[in-house]
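# Structural description and commentary
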Amino acid sequence: GFLPGLFGTSHGALQFMAYEDLKERYNKYRNRVSDTKLNTVEYIMMAAVSKIFAVVATYPYQVVRARLQDQHNTYSGVFDVIHRTWR
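My aim in this report is to walk through the structure given alongside it, one point at a time. It should be emphasised that the depicted structure is a prediction, and the values quoted were computed from it without experimental measurement.

### Digging into the packing of helix α2 (residues 10–29) against helix α3 (residues 40–69)
Relative placement of two packed helices is described by the angle separating their axes and the distance separating the axes. Look at α2 against α3: their axes get within 8 Å of each other, and the N-to-C directions meet at 140°. With respect to their mutual orientation, α2 and α3 come out oblique. Crossing handedness for the pair α2 and α3: right-handed. Mapping the contact onto sequence places S10, H11, L14, Q15, M17, A18, Y19, L22, K23 and Y26 in α2 and E42, Y43, M46, A47, V49, S50, K51, F53, A54, V55, A57 and T58 in α3. Of the residues that constitute the contact of α2 with α3, the class distribution is 14 nonpolar, five polar and three charged.

Encoded structure:
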């Protein structure tokens, strides 16, 4: 549906938000201007950590969505999927 589809787009938004926040905090920690360019290793680390954050935050949604699409089980709704998955 529409609402689950909107929630699915949050993955990229969360990753971008986390990346920018990490970059700003890191530059502040290193006593640099917030828009200072990072080196290659720093970019890779910020990208990896922000991706991990986004995956951890949105993966449960992917599980619920996949189970709702499963044709072999019948669920009475989203809360039923969450309850049965948690159990």
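Structure's up, so let's keep going.
### So, unusual backbone geometry
We note that N31 has phi near 55°; this positive angle belongs to a residue other than glycine. Looking at the secondary structure, you find N31 in the loop between α2 and α3.

What counts, and where the lines are drawn
- Residues numbered from 1 in each chain as written.
- Predicted model: local features only at pLDDT ≥ 70, side-chain atom pairs only at ≥ 80, totals over all residues.
- Heavy atoms only, no water.
- Axes fitted to C-alpha atoms, helices over the stretch in contact; angles between N-to-C directions.
- Helix = DSSP H or I, 4+ residues; strand = E, 2+ residues; numbered from the N terminus.
- Parallel < 35°, antiparallel > 145°, perpendicular 65-115°, else oblique.
- Left-handed = near helix turned anticlockwise from the far one by under 90°.
- Contact = heavy atoms within 4.5 Å.
- Nonpolar A, V, L, I, M, F, W, Y, C, P; charged D, E, K, R; others polar.

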